[in-house]
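Now for the letters of each chain:
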Amino acid sequence: MNAEPLLKTESVWRTFQVGGQPLHVLKGIEMELRPQQLVMLRGRSGSGKTTLLNLIGGLDTPTKGQIMFKQLPFHAMSDDERTKVRRKEIGFIFQAYALMPLLSAYENVELSLRMAGVPSGTWKKRVEQCLDLVGLSKRMHHRPFELSGGEQQRVAIAKAIAHKPSLLLADEPTAELDSQMSAQVMSLFQTIIETEQVTICMTTHDPTILEVADHVYEMVDGSFH
Ligand SMILES: Nc1ncnc2c1ncn2[C@@H]1O[C@H](COP(=O)(O)OP(=O)(O)OP(=O)(O)O)[C@@H](O)[C@H]1O
């Protein structure tokens, strides 16, 4: 592995003030994500996984330390600068970025291209390509409530990759799925890494899923073990 890392953190701390007291949620995180890797973060509830995903996705900034994404210093950039990079380069599969209930699968994926500022002439082809990749070509005009949980998750994946991000972040993407559907999502992630040349970083509690990771970071109380 000689390729430059896509993302590198150095001594990253994140501290929140809770009731006037500092709460150190991340304590000196050193992490590297390389191109086309599948990296997993595991750890108990409350260990700091989501806080770290928010930082590497540019949604939040560290209290101390450095985060370099594609040679850009996320720790030193303004919110506006990070937002611009995030819209183009990062895809999220987070509960908070769930599907819009009144829009069809097609319209949900199209929305992500609109948000990323992709020229509208290319939307149709790309939306169809992404829904095909996740195996939902035949259901593209269904709304989320007309789809199963696993199908909704696949639309969320299509939506997250449509703008061709280099990094895809997923917070517990298989938490609501049974083991068969989880295996399908993981196999889809492996396909996407190849075809879309993306790096995926996800959190999970599921030991069977960890087996397919290129690298697993074990988070204990805000540090890696
Ligand atoms: N904005 C905030 N202000 C204060 N405390 C916070 C804030 N965000 C997170 N925390 C605290 O940081 C700790 C870690 O939270 P985080 O959500 O990162 O854990 P997690 O490992 O993702 O847990 P889960 O698996 O339950 O999602 C928790 O104790 C949480 O209460």
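Residues numbered from 1 in each chain as written. Predicted model: local features only at pLDDT ≥ 70, side-chain atom pairs only at ≥ 80, totals over all residues. Heavy atoms only, no water.

(A) Seen up close, the sheet that holds strand β3 (residues 38-43). The strand order across the open sheet formed by six strands is β6-β7-β8-β3-β9-β10, and the pairing between neighbours is mixed. Strand pairing shows two members of the sheet lacking a second neighbour, β6 (90-93) and β10 (223-224), which therefore form its edges. Two strands pair when backbone bridges link them, and strand β7 (residues 167-171) and strand β8 (residues 199-204) are joined in this way by five bridges, in the parallel orientation. If you follow L169 over to β8, its bridge partner there is C201. Across the sheet, helix α2 (residues 79-89) is in contact with β6 and β7; its angle to β6 comes to roughly 75 degrees. Packed onto the sheet, helix α6 (residues 179-196) meets β3, β6, β7 and β8 and runs at close to 140 degrees relative to β3. (Pairing = 2+ DSSP bridges. Helix = DSSP H or I, 4+ residues; strand = E, 2+ residues; numbered from the N terminus. Contact = heavy atoms within 4.5 Å. Axes fitted to C-alpha atoms, helices over the stretch in contact; angles between N-to-C directions.)

(B) Inspection of the pairing of strand β1 (residues 7-18) at higher detail. Of the strand pairs in this sheet, β1 and strand β2 (residues 21-33) are connected by ten bridges, and their pairing is antiparallel. The residue bridging K8 from the neighbouring strand is E32, located in β2. The loop that links β1 with its antiparallel partner β2 comprises two residues; one of these, G19, has a positive phi angle of about 55 degrees. In this structure, β1 lies alongside strand β4 (residues 64-69), joined through five bridges in antiparallel fashion. Counted as the bridge partner of E10 is Q66 from β4.

(C) The arrangement of the sheet that holds β1 in detail. The four strands lie next to each other as β2-β1-β4-β5, forming an open sheet whose pairing is antiparallel. With partners counted over all chains shown, the strands left at the sheet margins are β2 and β5 (72-73), one partner each. This element, helix α1 (residues 49-56), spans β1, β2 and β4 of the sheet and lies at about 60 degrees to β2.

(D) Spotlight on the packing of aromatic side chains. Taken as a whole and assessed by the stated rule, the structure comprises three aromatic pairs. Their ring planes at 25 degrees and their centres at 5.3 Å tell us that F69 and F74 sit as a pair that is stacked. In this structure, F69 and F74 share a single accessibility class: buried. Lying across the ring of W13, K64 places its NZ or CZ 4.7 Å from the centre. (Phe/Tyr/Trp six-rings, centres within 6.5 Å; stacked < 30°, edge-to-face > 60°. Buried < 20%, exposed > 50% of the residue type's maximum accessible area, 1.4 Å probe, protein only. Lys NZ or Arg CZ within 6 Å of the ring centre and 35° of its normal.)

(E) Looking closely at the environment of A183. Mapping A183 onto the fold places it in helix α6. Along the chain, A183 and R42 lie 141 residues apart, while their C-alpha atoms are 17 Å from each other.

(F) Here's a closer look at the environment of D171. Considering the arrangement of structural elements, one finds D171 in strand β7. Spatially, the C-alpha atom of D171 lies 6.4 Å from that of I93, the residues being 78 residues apart in sequence. Discounting chain neighbours no more than four positions away, the residues touching D171 are T50, L53, I93, F94 and T203. Side-chain polar atoms of D171 contact the side chain of T50, separated by 3.2 Å. (Polar contact = N/O pair within 3.5 Å; in protein donor to acceptor, adjacent residues only side chain to side chain.)

(G) Representation of the environment of Q71 within the structure. Residue placement: Q71 occurs in the loop between β4 and β5. Its relative accessible area of 58% is what places Q71 among the exposed residues. Separated by 59 residues in sequence, Q71 and C130 place their C-alpha atoms 28 Å apart. Polar contacts involving the side chain of Q71 include one to the side chain of E4, which spans 3.4 Å.

(H) A look at α6. Spanning 18 residues, α6 covers 25 Å between terminal C-alpha atoms, matching the ideal 26 Å at 1.5 Å per step. Those residues of α6 not exposed but buried are S182, V185, M186, L188, F189, I192 and I193. Along the axis of α6, the buried positions cluster into a sector of 160 degrees, meaning they face one direction only. With respect to the buried face of α6, the exposed residues turned more than 90 degrees away are Q180 and E194. You can read the cap of α6 off the contacts: a side-chain oxygen lies 3.1 Å from the backbone nitrogen of Q180, and it is on D178. (Expected span 1.5 Å × (residues − 1). Arc of directions from axis to C-beta.)

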